[in-house]
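# Close look at the chain arrangement
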Amino acid sequence: MSSHAAPRPLAARRSGPLKGRLRVPGDKSISHRAFIFGLLTIGETQIEGLLEGDDVLRTGAACKALGAKIERLGEGRWRVQGAGLGSLLAPQETLDFGNAGTGSRLMMGVVGGHAITARFDGDASLRKRPMRRILDPLELMGARTLEQGEGGRCPILLQGAAEPAPIEYRTPVASAQIKSAVLLAGLNSPGRTVVIETEASRDHTEKMLAHFGATVKSEAYGEAGRKITLEGRPKLSPNPVIVPADPSSAAFPIVAALITPGSDIVIEGMMMNPLRTGLLTTLMDMGADIVELDRRVEGGEDVADLRVRASALKGVDVPAARAPSMIDEYPILAVAAAFASGETRMRGLHELRVKESDRLAAVADGLRVNGVDCAIEGDDLLVRGAGGPAQGGGMVATHLDHRIAMSFLVMGLASQKDVRIDDEGMIATSFPTFRPLMASLGADFA
Ligand code: S3P
């Protein structure tokens, strides 16, 4: 298991108006997938704009252990020489994914569909996360779980199927990670793999499958779902990947600018994939002054520059159906809600309990120690905003969770008193340049 360095506490202070332009790093979901598709493709895959965060680098290390040659050419520029679908090596060492749920789950799909055995492990946070949701469908395809921690958690020893059975699988929760694991295992199946989701989750795997030449069909299913059909054993051909800016990282400067009086910033090149923009929809409902400046297509995704100005926000009711399109953004939305006037109710947040931390509890605790009136009712989070600066003054427990750390630092920039977090270390998993980029806008950390 990977150990975590000594905790590094950090405080955020009430700051002057945030001003300037910035581009946040590349999308984490696409970056993981870029390495994985590079591994599965014979030939050279060029990647531009890769997120060089710990989570993605762990996936890169796992891809190397399975036979890829990976080289860094410059900032965000990488080259992968793949081993090829069906020709992966059995890794000699444990695949240590650190904090990375996405990397570990997607790679379980890859291993599950190959005649190799691999051990998966990670840090204390990853060891708490449910993996049965991935192992169950992989076992249906013929993989075997040889060893597992309590409740099907890491460490896990997984023996892949030499000839994965084609299955039709309904995901029990709207999860792109489950969908992706099944599709990645299905890539090496001699037949057709079908995944049905009753609520659409992010579609980066499907898009990348098509980008690398697989035959994949995605159709509407029911009111809000998708049915994805993949033909097994395609010939994958290398194709460069250009990674757009991560909307889940952009969420932090966006909310910081909205709640810090007088702010006026521009976020450049943010991915506008509709399965990722639920936070923008919600913030607009709350009265946020966000203007799209230049929508264009980059690397197969819609992107836009966004001008964000400080705004008087009002509380809203966020429907459960929006959760998949903003699943990682609830902690920072809860911070925005603490500054809004009136009540915000965020519905249907059960999946937040099994993220890098129990985010529902971690957010509510963090809000409370900073004087914010909030409640958890079933799967809903209720925040009664101050209609202006939150009180602040609290020390927030981050529980090895990067998004809890960044959310409460943002809160401190506009609260009456400093907000402290117990550890900034995990921010490096998804947004290693958070501190200097935020400081370049005028954020005051100490
Ligand atoms: C991700 C999917 C989401 C998200 C995670 C990244 C992905 O998880 O929370 O940060 O890249 O597929 P679920 O789809 O399992 O909710």
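Residues numbered from 1 in each chain as written. Predicted model: local features only at pLDDT ≥ 70, side-chain atom pairs only at ≥ 80, totals over all residues. Heavy atoms only, no water.

Attention now goes to the overall build of the protein chain. What the protein chain contains, in helices and strands, is 12 helices and 25 strands. Here the protein chain has a C-alpha radius of gyration of 21 Å; the compact-globule value for 446 residues is 22 Å, and the two agree. Projected onto its principal axes, the C-alpha coordinates of the protein chain cover approximately 60 × 45 × 45 Å. Counting all 446 residues of the protein chain, 60% fall into the buried class. Contacts in the protein chain between residues far apart in sequence, at least 24 positions, make up 76% of those at least 6 positions apart. (Helix = DSSP H or I, 4+ residues; strand = E, 2+ residues; numbered from the N terminus. Rg over C-alpha atoms; globule rule 2.2 N^0.38 Å. Buried < 20%, exposed > 50% of the residue type's maximum accessible area, 1.4 Å probe, protein only. Contact = heavy atoms within 4.5 Å.)

Glancing now at the site of the ligand. The full set of residues close to the ligand is S29, R33, T102, S175, A176, Q177, R202, I327, D328 and K355. Here an oxygen atom of the ligand and a side-chain polar atom of S175 are 2.7 Å apart. With respect to the ligand, the backbone of A176 contributes an N or O atom lying 2.6 Å from an oxygen atom. Computed on the free molecule, the ligand has an accessible area of 380 Å², of which 95% lies beneath the protein chains in the complex. For the shell around the ligand, the secondary-structure elements that each account for two or more residues are α1 (28–40) and α5 (176–186). Its residues placed into classes, the shell around the ligand shows 2 nonpolar, 4 polar and 4 charged. A domain-level breakdown of the shell around the ligand finds at least three residues from each of domain 1 (10–26 + 244–445) and domain 2 (28–239). (Near = heavy atom within 4 Å. Polar contact = N/O pair within 3.5 Å; in protein donor to acceptor, adjacent residues only side chain to side chain. Areas by Shrake-Rupley, 256 points an atom, 1.4 Å probe, with all protein chains shown as cover. Nonpolar A, V, L, I, M, F, W, Y, C, P; charged D, E, K, R; others polar. Domains from an automatic or database assignment.)

The full count for this structure, using the stated rule, is 6 aromatic pairs. When the ring of F97 is compared with that of F120, the centres are 5.9 Å apart and the planes differ by 10 degrees; the resulting orientation is stacked. Taken together, the residues span a long stretch of sequence, with F97 in the loop between β6 (95–96) and α3 (101–112) and F120 in strand β7 (residues 117–121) at a distance of 23 residues. Here F97 falls in the buried class, since its relative accessible area comes to 0%. (Phe/Tyr/Trp six-rings, centres within 6.5 Å; stacked < 30°, edge-to-face > 60°.)

Glancing now at the environment of L360. You can see L360 is positioned in helix α10 (residues 359–369). Judged by relative accessible area, L360 falls into the buried class, the value being 0%. Here the alpha-carbon distance between L360 and V24, two residues 336 residues apart in the chain, equals 26 Å.

Now for the packing of α3 against helix α4 (residues 132–140). At their nearest, the axes of α3 and α4 sit 10 Å apart, and the two run at 15 degrees to each other. On the basis of their axis angle, the class for α3 and α4 is roughly parallel. The handedness of the crossing between α3 and α4 comes out as right-handed. From α3, R105, M108, G109 and G112 reach across to α4, where they touch R133, I134, L135 and L138. Residues of the contact of α3 with α4, tallied by class, amount to 4 nonpolar, 2 polar and 2 charged. (Axes fitted to C-alpha atoms, helices over the stretch in contact; angles between N-to-C directions. Parallel < 35°, antiparallel > 145°, perpendicular 65-115°, else oblique. Left-handed = near helix turned anticlockwise from the far one by under 90°.)

Running from N to C, α5 and helix α6 (residues 204–211) cross one another at 30 degrees; their axes reach a closest spacing of 9 Å. Viewed along their axes, α5 and α6 adopt a mutual orientation that is roughly parallel. Across from K179, S180 and L183 in α5, the residues of α6 making contact are T205, E206 and L209. Looking at the contact of α5 with α6 residue by residue, the classes come out as 2 nonpolar, 2 polar and 2 charged.

Sheet strands pair by backbone hydrogen bonding; their relative direction is either parallel or antiparallel. Pairing in this open sheet of 4 strands is mixed, and the strands run β4-β5-β3-β14 from one edge to the other. Of all the strands in the sheet, just β4 (69–74) and β14 (241–242) have a single pairing partner and so form its edges. When strand β3 (residues 44–48) meets β14, the two strands line up parallel, connected through 2 bridges. Bridge pairing links I47 to V241 in β14. (Pairing = 2+ DSSP bridges.)

Turning our eyes to something else, we now look at helix α12 (residues 434–441). Within the span of α12, buried status applies to F434, L437, M438 and L441. One face of α12 carries all of its buried residues, which in axial projection span an arc of 95 degrees. Residues of α12 that are exposed and point over 90 degrees away from its buried face: P436 and S440. At its buried positions, α12 is contacted by β2 (19–22), α7 (247–259), β15 (264–271), α11 (402–414) and β25 (444–445). Phi turns positive one or two residues past the end of α12, at G442, with a value near 115 degrees. (Arc of directions from axis to C-beta.)

This next bit is on the domain arrangement of the protein chain. Put simply, an interface is often sized by how much accessible area is lost when its parts join up. Taken domain by domain, the protein chain consists of domain 1 (10–26 + 244–445) and domain 2 (28–239). Placing the centre of domain 1 and that of domain 2 at their C-alpha centroids yields a distance of 29 Å. In this complex, domain 1 contributes 27 residues to the contact, which on the side of domain 2 involves 26 residues. Both sides of the domain 1 and domain 2 interface together cover about 2100 Å² of buried area, and 50% of this is carbon and sulfur. For domain 1, the biggest contributors to the area lost against domain 2 are L275, P324 and T429; these three give 24% of the whole. Across the contact surface, domain 1 and domain 2 share 4 salt bridges. We note a salt bridge from R133 to E351, for which the minimum N-O separation is 2.9 Å. Inspection of the domain 1/domain 2 interface yields 12 residue pairs in polar contact (both at pLDDT 80 or more). (Buried area = accessible area lost by both parts, 1.4 Å probe. Salt bridge = Lys/Arg side-chain N within 4 Å of Asp/Glu carboxyl O.)

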